[in-house]
Amino acid sequence: MNRRGEINLKVIGIIFLVFGISAIINTILKTETGLAPILWMSYISLILIGIGVLRKNSSLVASQVVIIGIPYILWNIDFFHYLFNKESLLGITDYFFEPGPLIGKIISLQHLFNLPLSIFSIYLIKLENKSYWKLSLFQITIIFFITRLATTYEQNVNCVYQNCANFDFGIWYPLQWFLSYIMMILITSFLLNKSLIKKTH
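Residues numbered from 1 in each chain as written. Predicted model: local features only at pLDDT ≥ 70, side-chain atom pairs only at ≥ 80, totals over all residues. Heavy atoms only, no water.

K.L.:
Whenever I open this one, the overall build of the chain confuses me. Can you help?
P.N.:
When its secondary structure is counted, the chain shows seven helices and zero strands. For the chain, the sequential pattern of α-helices and β-strands runs α-α-α-α-α-α-α. The C-alpha atoms of the chain give a radius of gyration of 17 Å, which matches the 17 Å a tight globule of 201 residues would have. The C-alpha extent of the chain, read off along each of the three principal axes, is 50 × 35 × 35 Å. (Helix = DSSP H or I, 4+ residues; strand = E, 2+ residues; numbered from the N terminus. Rg over C-alpha atoms; globule rule 2.2 N^0.38 Å.)

Below you can see the structure in the form of structure tokens.
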């Protein structure tokens, strides 16, 4: 990797860590919400991607991309639909357009650049290990149970109690949650392996 690539990775890694740490500090300062929001998958992924980029660990970065990939695409679709049409589509980003602290909205904008920068970082580092999805499955399992134990139904952190979007598949919700994540992880892993492993060799 040339010097420009090294600099790009450092800058990207720092951006992710700054947003991740800012999200955690902002959560700690919002005493009315408690510490439960720290468990949001988005915040955890920001920190882990930042570490992965700085350590040039493409498997760690990829493990987070396949967790957040499809949810973030849906977030962006909903965000831009609301932005241009002034109405909700999926109900995922309604919170962003409601009155609230500016810092929280700025942090939430990481949904716009997270995937492009993460995938670009994987491209620079090179993706060689195809088994990163195992870490993803382990992570969502741990996060699900910790979130259920440490948060309430009203907080619905990581959507572990009910769907954060305005649709439902009509099956027992914990099973729905796991099946949805497993499918998203496997689909995104397949696409990453097909597109990046070939192009990085």
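What follows continues from the structure just given.
K.L.:
Got a minute to help me understand a nonpolar patch on the surface in this structure?
P.N.:
A contiguous nonpolar surface patch, about 550 Å² in accessible area, is contributed by F169, I171, W172, L175 and L179. The topology assignment puts W172 in the loop between α6 (132-150) and α7 (173-199). (Patch = residues over 30% accessible without salt bridge, like charges linked within 9 Å, V, L, I, M, F, W, Y side chains within 5 Å. Areas by Shrake-Rupley, 256 points an atom, 1.4 Å probe, with all protein chains shown as cover. Salt bridge = Lys/Arg side-chain N within 4 Å of Asp/Glu carboxyl O.)

K.L.:
I'm lost on the pattern of salt bridges in this one. Help?
P.N.:
For the structure shown, the criterion picks out one salt bridge. The residue E6 makes a salt bridge to K56 at a minimum N-O spacing of 3.0 Å. Of this pair, E6 sits in helix α1 (residues 3-29) while K56 sits in the loop between α2 (41-54) and α3 (58-85); the two residues are 50 residues apart in sequence, bridging distant segments of the chain. When its relative accessible area of 37% is taken as the criterion, K56 is described as partly exposed. (Buried < 20%, exposed > 50% of the residue type's maximum accessible area, 1.4 Å probe, protein only.)

K.L.:
Mind showing me how you'd approach α2 here?
P.N.:
Every α-helix winds through 3.6 residues per turn, so residues three or four apart in the chain are directed the same way. Taking 1.5 Å of rise per residue, the 14 residues of α2 would be expected to cover 20 Å, and the 20 Å separating its terminal C-alpha atoms lies within 8% of that figure. Within α2 the residues assigned to the buried category are M41, S42, Y43, S45, L46, I47, I49, G50, G52 and V53. K56 sits one or two residues past α2 and shows a positive phi near 55°. (Expected span 1.5 Å × (residues − 1).)

K.L.:
Explain the environment of V65 here, please?
P.N.:
If you trace the backbone, V65 turns up in helix α3. When the C-alpha atoms of V65 and I185 are compared, they prove to be 8.6 Å apart, with 120 residues separating the residues in sequence. Discounting residues that sit within four places of it in the chain, V65 has contacts with L115, S118, I119, I122, T188 and L192. (Contact = heavy atoms within 4.5 Å.)

K.L.:
What am I meant to see in the state of the cysteines here?
P.N.:
Note on terminology: disulfide describes a covalent bond linking the sulfur atoms of two cysteines. Applying the stated rule across the entire model yields one disulfide. Between the sulfur of C159 and that of C164 lies a disulfide, 1.8 Å long from S to S. On the sign convention where negative is left-handed, the bridge of C159 and C164, at about -110° about the S-S bond, is left-handed. (Disulfide = S-S within 2.5 Å.)

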